[in-house]
Structures are given as structure tokens and as C-alpha cells.
8 protein chains.
Amino acid sequence: MKKNSVQVAILMGSKSDLETVRETTKVLEDFGVSFEIKVLSAHRTPNDVTRYVEKLAVRGIQVVIGAAGMSAALAGTIAAHTVLPVIGIPIETTTLRGLDSLLSTVQMPKGIPVACMSIGKSGAHNAGLLACQILALHDERLMKKMLQCKRDMAEAVRKIKIK
Amino acid sequence: MKKNSVQVAILMGSKSDLETVRETTKVLEDFGVSFEIKVLSAHRTPNDVTRYVEKLAVRGIQVVIGAAGMSAALAGTIAAHTVLPVIGIPIETTTLRGLDSLLSTVQMPKGIPVACMSIGKSGAHNAGLLACQILALHDERLMKKMLQCKRDMAEAVRKIKIK
Amino acid sequence: MKKNSVQVAILMGSKSDLETVRETTKVLEDFGVSFEIKVLSAHRTPNDVTRYVEKLAVRGIQVVIGAAGMSAALAGTIAAHTVLPVIGIPIETTTLRGLDSLLSTVQMPKGIPVACMSIGKSGAHNAGLLACQILALHDERLMKKMLQCKRDMAEAVRKIKIK
Amino acid sequence: MKKNSVQVAILMGSKSDLETVRETTKVLEDFGVSFEIKVLSAHRTPNDVTRYVEKLAVRGIQVVIGAAGMSAALAGTIAAHTVLPVIGIPIETTTLRGLDSLLSTVQMPKGIPVACMSIGKSGAHNAGLLACQILALHDERLMKKMLQCKRDMAEAVRKIKIK
Amino acid sequence: MKKNSVQVAILMGSKSDLETVRETTKVLEDFGVSFEIKVLSAHRTPNDVTRYVEKLAVRGIQVVIGAAGMSAALAGTIAAHTVLPVIGIPIETTTLRGLDSLLSTVQMPKGIPVACMSIGKSGAHNAGLLACQILALHDERLMKKMLQCKRDMAEAVRKIKIK
Amino acid sequence: MKKNSVQVAILMGSKSDLETVRETTKVLEDFGVSFEIKVLSAHRTPNDVTRYVEKLAVRGIQVVIGAAGMSAALAGTIAAHTVLPVIGIPIETTTLRGLDSLLSTVQMPKGIPVACMSIGKSGAHNAGLLACQILALHDERLMKKMLQCKRDMAEAVRKIKIK
Amino acid sequence: MKKNSVQVAILMGSKSDLETVRETTKVLEDFGVSFEIKVLSAHRTPNDVTRYVEKLAVRGIQVVIGAAGMSAALAGTIAAHTVLPVIGIPIETTTLRGLDSLLSTVQMPKGIPVACMSIGKSGAHNAGLLACQILALHDERLMKKMLQCKRDMAEAVRKIKIK
Amino acid sequence: MKKNSVQVAILMGSKSDLETVRETTKVLEDFGVSFEIKVLSAHRTPNDVTRYVEKLAVRGIQVVIGAAGMSAALAGTIAAHTVLPVIGIPIETTTLRGLDSLLSTVQMPKGIPVACMSIGKSGAHNAGLLACQILALHDERLMKKMLQCKRDMAEAVRKIKIK
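Note that the structure is a prediction, hence the values are computed from the model and not measured.

Scoring rules and cut-offs
Residues numbered from 1 in each chain as written. Chains lettered and ligands numbered in written order. Predicted model: local features only at pLDDT ≥ 70, side-chain atom pairs only at ≥ 80, totals over all residues. Heavy atoms only, no water. Helix = DSSP H or I, 4+ residues; strand = E, 2+ residues; numbered from the N terminus. Rg over C-alpha atoms; globule rule 2.2 N^0.38 Å. Buried < 20%, exposed > 50% of the residue type's maximum accessible area, 1.4 Å probe, protein only. Contact = heavy atoms within 4.5 Å. Lys, Arg positive; Asp, Glu negative; His and termini not counted. Charge placed at Lys NZ, Arg CZ, Asp CG, Glu CD. Buried area = accessible area lost by both parts, 1.4 Å probe. Salt bridge = Lys/Arg side-chain N within 4 Å of Asp/Glu carboxyl O. Least-squares fit on C-alpha atoms with pLDDT ≥ 70 in both. Axes fitted to C-alpha atoms, helices over the stretch in contact; angles between N-to-C directions. Parallel < 35°, antiparallel > 145°, perpendicular 65-115°, else oblique. Left-handed = near helix turned anticlockwise from the far one by under 90°. Nonpolar A, V, L, I, M, F, W, Y, C, P; charged D, E, K, R; others polar. 1 Å grid on protein atoms, 1.4 Å probe; cavity = no way out; pocket = protein on both sides within 12 Å on 5 of 7 lines; lining within 4 Å. Points joined across faces, edges and corners; volume = space filled by probe spheres on them.

A. Main features of the overall build of chain A. In terms of helices and strands, chain A carries six helices and five strands. On C-alpha atoms alone, chain A measures out to a radius of gyration of 16 Å, which is about the 15 Å that the 2.2 N^0.38 rule sets for 163 residues. If you line up chain A on its principal axes, its C-alpha atoms span 50 × 45 × 30 Å. When the 163 residues of chain A are sorted by exposure, 71% land in the buried category. A fraction of 66% describes how many contacts in chain A between residues 6 or more apart in sequence connect residues 24 or more apart. Taken together, the 22 basic and 14 acidic charged side chains of chain A have centroids lying 3 Å from each other.

B. Here's a closer look at the interface of chain F and chain G. In this assembly, 39 residues from chain F lie in contact with 39 residues from chain G. Summing the contributions of chain F and of chain G, the shared interface buries around 3400 Å²; its carbon and sulfur component is 67%. Taken together, the connections running from chain F to chain G amount to two salt bridges. Notably, a salt bridge pairs F:E23 with G:K110, separated by 3.8 Å at the nearest N-O pair.

C. The arrangement of the relation of the copies chain G and chain A in detail. Once chain G has been moved 0.0 Å along the axis and rotated by 90 degrees, it coincides with chain A to within an RMSD of 0.0 Å. A rotation of that kind, with that shift, is consistent with a four-fold axis. Both copies present different contact surfaces, since only 6% of the interface residues of chain G are interface residues in chain A too.

D. Just the packing of helix α2 (residues 46-54) of chain B against helix α3 (residues 74-81) of chain B, in detail. Residues and elements named next belong to chain B. Running from amino to carboxyl end, α2 crosses α3 at an angle of 50 degrees, the nearest separation of the two axes being 9 Å. Considering their axes alone, α2 and α3 lie oblique with respect to each other. The way α2 lies across α3 gives a crossing that is right-handed. Contact with α2, carried on its side by V49, T50, V53 and E54, involves L74, T77, I78 and H81 of α3 and no other residues of that element. Residues belonging to the contact of α2 with α3 are distributed by class as follows: four nonpolar, three polar and one charged.

E. Up close: the arrangement of the chains. Spatially, chain A and chain D are disjoint, and the shortest separation between their C-alpha atoms is 15 Å. Looking at chain C next to chain H, you find no contact at all, with the nearest C-alpha pair sitting 17 Å apart.

F. Quick look at empty space enclosed by the protein. Scanning the model with the defined rule gives 15 cavities of 30 Å³ or more in all. For the largest cavity, the lining is made up of 35 residues, of which A:L99, B:L99, C:L99, D:L99 and E:L99 are closest to its centre. Of all the secondary structure elements, the ones that give two or more residues to the lining of the largest cavity are α4 (99-106) of chain B, α4 (99-106) of chain C together with α4 (99-106) of chain D.

This is how it looks when you write it as C-alpha cells:
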């Protein structure tokens, strides 16, 4: 991996997914992980997804995150075109509350893994963390930050006072 | 449309889907509609799907049918690459009984329609019929057959005797 | 088909479905496809549905769209009376969020296909597109528009900038 | 009501529903209630359903029972054509276990009531009992039998010995 | 049945159900059917339910309606204590949207029928109609009103104009 | 509590529930807790349930367990008649796989708690354990046995060897 | 049990659960049961949960209540570390409406019982009541209060007047 | 990472999960990835899980896989104790078909990511692949094998002949 290059690529199926995906980018920024973010739709721009994803490995990108709602094919489509680890964020929907996005993202057939997160913003936050955890396996600074973050999270819980 | 050319293309995500898809081909054979059938996976052979689907229109094929289970991206992926009518068959699954396949197939976002059938064999049968109905709009022989088939179906119900 | 005649018939089960169905009519208007739209209920005016649907074919109408919620029998009832392609739009419901409408619309038994769209407005939009795709098979102008629309949709995605 | 005439009409959507519906007819036979039973499909023979149902009232029939599976439109279609009480039996399905039949049968819109029973054989049994309960309101012999049956049911529970 | 006596008894599990149950009473008032309405809870006042229900038959009441939410035991409890026809209204809930109320009301075991309506206000309206349909079997005036109501409902649909 | 008297009462809605409930009795026997077991149905013998449950407290019984399937009103009905702790076991069903039993048992309204276990045999086993845990609060011998059982359970896991 | 010591421990997974858990503490206060309440997360502070729970028994605490949402592991984790009775409150979630919390809390495997309440505030209220019921088995004052509370609850229902 | 040391740790909640987890180990063996496999239950041996997981990082293990069914807390519990990437396999269940396992595994709250796979054997297979993909980011031999495996998978699809 070249220093300062993009480490994580984030794709989302529609601009309306951005509010959710901001949870991911906040985490990556906090951890000092470089990323790029694009709207690319498995259904509306399938060839752009293909072209984009097929170049990720040679660019040194290490983790790809796909966020999509409804029949959420994006993460699965990314995984079809790369052997990089792919993380899926099922976007909440107004009708079926994200159950459709969840089943579409998580129920991947044998051979094409997608690391599915929980529905919506908590899942988007966790997608950022998982990406960092994967990168931290070979980045001591990041690993230390991850451990510190975990301790801080526990400390924050400990500080809560209930009257 | 050239006479005798393939009218309907049927894709399925895995060979195990064939038992279900046979219900589709039986209908097409009964109606004398020419078809071709292929195993092409949105997840395992995405570029093959793209290449195959992008040539369908110039070959004079008029309807495409995609059958897949679990995170059933096939019909949606086909629809992403063509403006031909796409029919989706959600394959029954052992775990979630096809609810995953159904939601993945039917919950298509704005812009990319998939005509979703019922789960499993009844859906596969109906996919064949819908393809024939679309073709029958410009094929008088087929239209007559469709009408006759509908009358026969009613007649078959009428003949049932309950003791 | 006679020029200028109605090409697509849209039925809805209740006037409250109109807000959703407007997504369908906008698409048909954009594509210059002629349509007529009626409130006809499978449950409150069943004989009107029968009478109306049985005349569709002789009037040269080519596609029928049925939108209904809850126990959404409308699309299935239409399909029971015609061999024209029938598209179903499951209307969102406040209680079960459209899961009832979806299962009632999509789970058609063997012999009576309904092309089910996604729940609510995205499904209504796609119903319009699928109707156009079917008509475009024998209408070069429409086919060109469909292809242009697909390119525009991709272009619109490409123009999105994320800061 | 003429003596010895048919009191209850039972329709089912397909011959395969008969195994379930036998639970209904057994109850009616036990209570000495006259009935007729027919396979008539809301989807395959819609006009036969209409014709049949519209004559029920003048024939002195008092209760109608409809049993169907999947997108179970039968009971609702019957209710659309009569003001007699309509009882719906959602048939168990192999894919969604009758959840589709249940929601299609029970989620009737305002204006068209269907008295929905539980899924499958227990529901079919109860459909027979409910028909008898309705008839018993004006049939003292039947009312006495209903009360006796309720006492017998309780007595049967009381006789169960657990070692 | 004594003239002017109460024909229909309506029970609800909690005062908060009243907003929904008002849909039932409006229908009964429109049809001139006499009724009484009480808050009686299967869980909080079980013995009151028992005492109340066991006297219904001797008072000449002919139909009982039970409305309850969540683990909606009320209609089933009523049915346990009477052989009068019992109609159940599953009240909408904020968490599971009435799916809990629906399954609790409709999935009655063999021997104890409850005529389950759709979730919430549409179901409450239909409960009123079904009660009238049952009474109308032996009340010509009511039967005529039911038929007129059905015609009016159809007429109301026919008058809807879509611009 | 009198020595040797019954400590736990187990009710089940139907004899067919016995296979599941045997998991509960095995636990109670292992812990040397005295119990009695009866088939009493909230729907078929409601007054027997009332009479039986209302005497439990004076008999010194301390925990009541109710097992039922489908619209599983039994545990809730028991809880309506006693302030003893009530444990509910949702029995697995063939159609909705126990989802109906679960929601009927667990979704109790404010004021009437039922301690709901998991669906089927694991829940029945745990019902036995929870009863013992409650009794163990004032029974040192039982508390020691509970702690030993927990250690044994851990030990059993530790002994598993995977080749 | 030492007089005036803490009798019930309440844990919640996040501070946002407090609004729901206040329903539990109100009940305990009404019944004069002493309790302590803490935010301790099975996922963010697992070792704190372990340490805290392992000391509960020696401190004379008799009932533990765990409230958590989403993948609600808290109650199960508590139950893993103690043989005291554990009550679980599934917190309502915005996406899956608490179905995730419910299944995570209730579907405990063989050996580790959790007494699951209904989703959200009604469940939190009932958790308080169940804790009191367990304590009341050996506290006459509390038992009398429980019985009075049950009578008051019934009386409150009886006082409701419907105009 | 030391050469020849264990790279992947696999935990499962019960020995009965082994049949599913064998799909994971087959993949790891095929890719020449070293692993160890243990039965450790979040509910029955929580402290063993803690102790085991807290040592994983210092042992140079890089990925942890947790497989569990029902209220599947195992993967989440692992993730609570480590910042290594954690993959969750929801085990199929006989009652709710793995929907309980899925929601328990995937719906992780903010801060504690679990990479959830599909239910059952396909998910177990994919867990193995995702572990390899993560390791392959810094293991050229493995990356080449991953790419070859992806090509082979595509080739296998291409070789399928449908008669």
C-alpha cells in the first residue's frame, strides 16, 4: 500500500443514501483512514460499477463498502467483481423498514461473501469501524487507535450517571 | 423480429434452479415459443451476464426471464443492462422459504422494472405465460392460443367433481 | 393497434391510491404513451371490473396496470379476465407497510400471471416503465426513447457530486 | 329458508384444497347442516364464481365459505358479490407457510367483510363451526347441539390423564 | 329475539381501543342495529368477561365483537364462553404494527372459531357490517339495507372522477 | 411453603403439547422440585383454568407454567387470575413455525406479566430452569444445585473435542 | 435477604433505553421495592457486566432486569453469569420495530433462561411487576400489595364509562 | 504474523453447529490457511469466551469467526472483546428458520461491528472466503489463489450445459 493513497472505497446506490453513509465517513476521518466516496448504482450504472470496482485492487484500495436500499444489489455486485473484502450497509426503507435491504445484502450465495452490517446508521458507523479493523491488522498506529477507541467507548458508558 | 429466431431468453443463477425453471420451458414449448436457456450468475459470472444481456436486443429476443434465489440479484442485473421486459422468478430457499428471493427480486428501485412472479414453480409457470402474453400482443396465432389456454384452464376447473 | 387510441389502462382500487399512481401516469406522459385511468374496485365494483377488462383487448389496449392495497385482489382479478399483460402495484399500507399488498399481488397461483412491482411509488414509476418497454417492442420511437431514458438515468447518476 | 335445502356453500380455489376443506364438511355433517361444495377459482373461473355467488341468496343459502391459498382472492371475491356472511379459510402454502394466504384473506378493505379463520385444517374446522353458530341463531336444535358440542369438548379435555 | 333489545355486544380490551371501535358503532347506528359497548379486559377483568359473556345468549344478543391489541386474547376468550358468533378486531400496535394482534386473534385452535377482521379501522368497520349481515339473515329490513348499502358503495366508486 | 407439597403447576393447552412439556418436567425432576401437570385449555375449558388457577396460591404453589400454541392465550389467562409468577412456553406450530404462539405469549399488555421462553423444546427446558431459579431464592439446597448445574453445563462444553 | 438492601438490579444497554426503563422503576417505587439501575453494555463494557453480575447474588439481590435493543444480548449475557432470575425487556427499534430486540431476547438456547417481556414500555412495566411477584413469594406485605394492585387494575377498568 | 501460526479462530456455540461450520473449514483448508476451531458458548461458557478472545491478538490470530443459532450472541460477544475483524454465521433453526439467528447476529449496535454472512451453510462457506480475503490483503500467494478461485468459479458456471 502506498502511503496517502485511498484505502477504502465507499459506493452508494443513490444520493439519498448519503445521510446514512456520513456515519461511515465520520469514522474513517476520526481514524485518519483515507477514502473516496461515489454514487454508483448497480441498477442504473452497472457498467460504471464494474469498471470502477475492477480497478480498485491495482489502485491499492483494500476495503470496499457498498450501501444500498430495497433490492440492495450493490454490495453483492461489488463482491462479484473483486476479491477485496466487501462490506454491505442495508439502507432503511420507508415501506419494509429495511428488511428488504437487509435480506438482499446479507443472503449472498456461496462463493461471494459480503460482510453485512446492521440496517441504517448504526450499520454505516460499524462499516467504518470494520474497515479500520481490517486495515489495522497491518497498521500498528491504527490498531492502537482501535484499542483506544474501544477503551473510550467503555469509559463513556461508565461515565453515564442515572439519577 | 426474424421468424424462427429465439424469442425468449431464460437465465438462472445456478443449475439447481433448473427444476423450477423447467416449469417455464414447458409453457414456452406448449405455446411454440422459441427460447434459449443459460446458467449465468449475477454474482459468479457478472461480466458474462452483461455481455449476454447487451446482445439480446440486436438478436431480436423480446423477453428475458431471470430466476435466482437468496439475494436474488439476477433479474435486477439483467434489467440494468436492457430495456427489454424482464421477468423475475424468486427461487424457493430452504431457510427463509423464498422470502429473501422474493424481496430481492421485487423491491426494485425506481427506474429499473422487474416483473416479479410468485415464489417457486407457480411463479416459473407464470413467467412462461407472461412472456407469451407479451409476445401475443403482435402474434395472432399466439393470442388465439392464449385465449384457448385460458378457456381450457376454466374448463378443467369445471370438470372437477367433488364427491 | 389504432394510432392515438388508448394503449395502457390503469385501474386503482380506491381514490386514495391516486397519489401513488400519479408516478405511473407521469412516466406514461413523458414517453407519450396514451392511457386511461379509472377507480374500479375488485371488491366494491367487481362486475364493473369484469365488464371493463373484458373489453380492453378489442379496444386495442395492450397493457393493464392494477394498483391496490391490503388484500390487493385487483391486479389478480384483472388477470383473471384478460390475456393482456397485467402489471400489479402493491400500495403501501399503514399497518403492515405494504407486506399485505405485496403478498396479495405477487403470490399469484399457476395460470394467472401478474407482473408485480415494488411497494408504493417506486413500483408505480416502474409499472409505467414496464408498460413502455412492452409497447416499445413494436414501436421504434418508443424503444429509442427508452434507451435514451436509460442513458439519461445513468448520466444523472454520474453528475452527482459528493463533497 | 326452505327445509332440506342447502344451507352452506363451500367453494375452494383448487382441488388440492379438498384435504383441508374435508375438516369443514365433517363438522357440517356432524351437525346435520346441509351444504354443497364446489371447486371454483377466483382467478381461473371468475365468471363462474360471480354467477354462482349471485344466486346463493335466492336459493336460501345462508353462509358461504371460501378456501384458497397464496394470493387467496376467493373469499374476498365471494364477499364482493353477496351480502351473505362469508367465511375465509387461508390454505397452508409450502413456501410462505400460509402467511400469504392469511394476509390475502384477512386484510379486506373497508366495506367487504370476510370472517377469516386460522391457517389450514384448524381454520377449516372452525369455519364449519362458525357457519353452524350463525345458523343456530335461528335453529334451536342446532343451538342445543352447539352447546352440547362445547360441553363435550370441555369434557374431552377433562378426561385427558397425564402420567 | 325481543324487539328493541340489544342485538350486538361490543367489548374492547382498553379505552384506547375506542377510537378504532367507533368505526364499528357508526356502522351499527347507520343500520339501526342496537348494541351495547363495554371495556372488559381478558387480562385485567377476566371474571367480568366470563360473567358478561355467559349472559349474552339469554339476553337475546346475537353477535359479539371483541377488539384488542398486542396479545389479543379478548375475542378468543369471548368465544371460549359462548356459542354465539364472535367477531375479532385486531387493534393496530405501535411496535409490531398489529401483526401481534392479528396472529393472536386469527390463529384460534380447532373448536373455538373467531371471525377475524383486518387490522385497525377497516377491520372495525367490517366487524359492524358482518354483524349486520348475520342479523340480516332473519331480518328482511336489514337485508334490504345491506343490499342498498352495497349498491351505494359501488355507486360511490362509479362517481369518482380522475382528472 | 409446606414440605412435599406441589411447588410448580404446569398447564398445557392440548395433549399434543406434552412432548414439548416433557422437557420442563425432566428439569423439575432433576432438581427435585415437586410439580403437577394438567391439560387445561384457555379456549376449551376456560372456567376450569379460572377455578384451578385461583386456588394455586392457597395451595402453596409458587410458580405456574403455561404451554400453548397458535393463538396461545393460556399463559396470559393464567396471569390474569393470579399474582404468582407465570412462565409461558410458546409451542412450535406447523404453519407459522411458532411465530404466532410467540407473539401471543410474549406481547402481554401492561399489568399482566408473562415470562416468555423461547419457542418449543428449548423454551420448555428453560421454563423448568426459571421455575427452579425462582424457588432457589429461598431454598439453599436448590440454589447449590443450580450453581452446580451451571458449572456442569460449562464443563460439558469444555469437554467437547472437535477433530 | 438483608432489610433495606437492594432487591432488584436493572441494567440497560444504552442511556437512550432509560425512557423505557422508567416504566420499570415507577412500578418498583410504587411497590416499595429497592433497586439500583445502571447503564452497562454487553457489547461495549462486557467485562463490567460480568463483574457486576457475578457479585449480585452475594449482595442479596434477587432479580436482575436487562433492557436492550437491536441484537439485544444484555439479558442473555446477564443470565450467562448468574442463576438469579433474569427478566429481559426488548427495546423498540426504529427499523425493525423491536422484532430484532424481541427475537434476540426471547430465543435463548437450552440452559440459559431469560424471562422475556413484551416490546417497549408495556414490557418494561411488566418487568417491574414480575420482579415484585417473585419477591412477593416470600414477602407478605408485597403479596398483599400485588393482590390489591390487581383488584385496583380491575376496578379501574370497571369505572371506564363509554358514552 | 508468525509463519505457521494460527491465522483464523473459529468458535461455535454448540457442537450441533459443526455440520454447518465444516463448510468454513473446508474453504480454509483449500486455501492453506491455518485455523483452530472450538466450541465455546456465549451463554454457557461466557468467561471462557472472554479469556479465549482476549488472547487472540497476541497470538497473532487475525480473523475470528463465530457461528451460533437462535439468540445468537456469540459473534457479538467476541466482537465485544477484540478489535480483530469478527465474522458471524447465523445458524439455521428449526422454528424460525434462522431469522432469529440472523437478526441477533447482524443487528449489532453502533461501535461493535460483526461481519454477518447469510444463514447456514452458504454463509459458513462465505465466512471462510471472507477470512481469506482479509488475509490476502497482505499475502500475495493467497491473493493469487483468491483470484484463481474466482476465475474457477466462473469457469464452472460456464461449463454447465442445459439440455
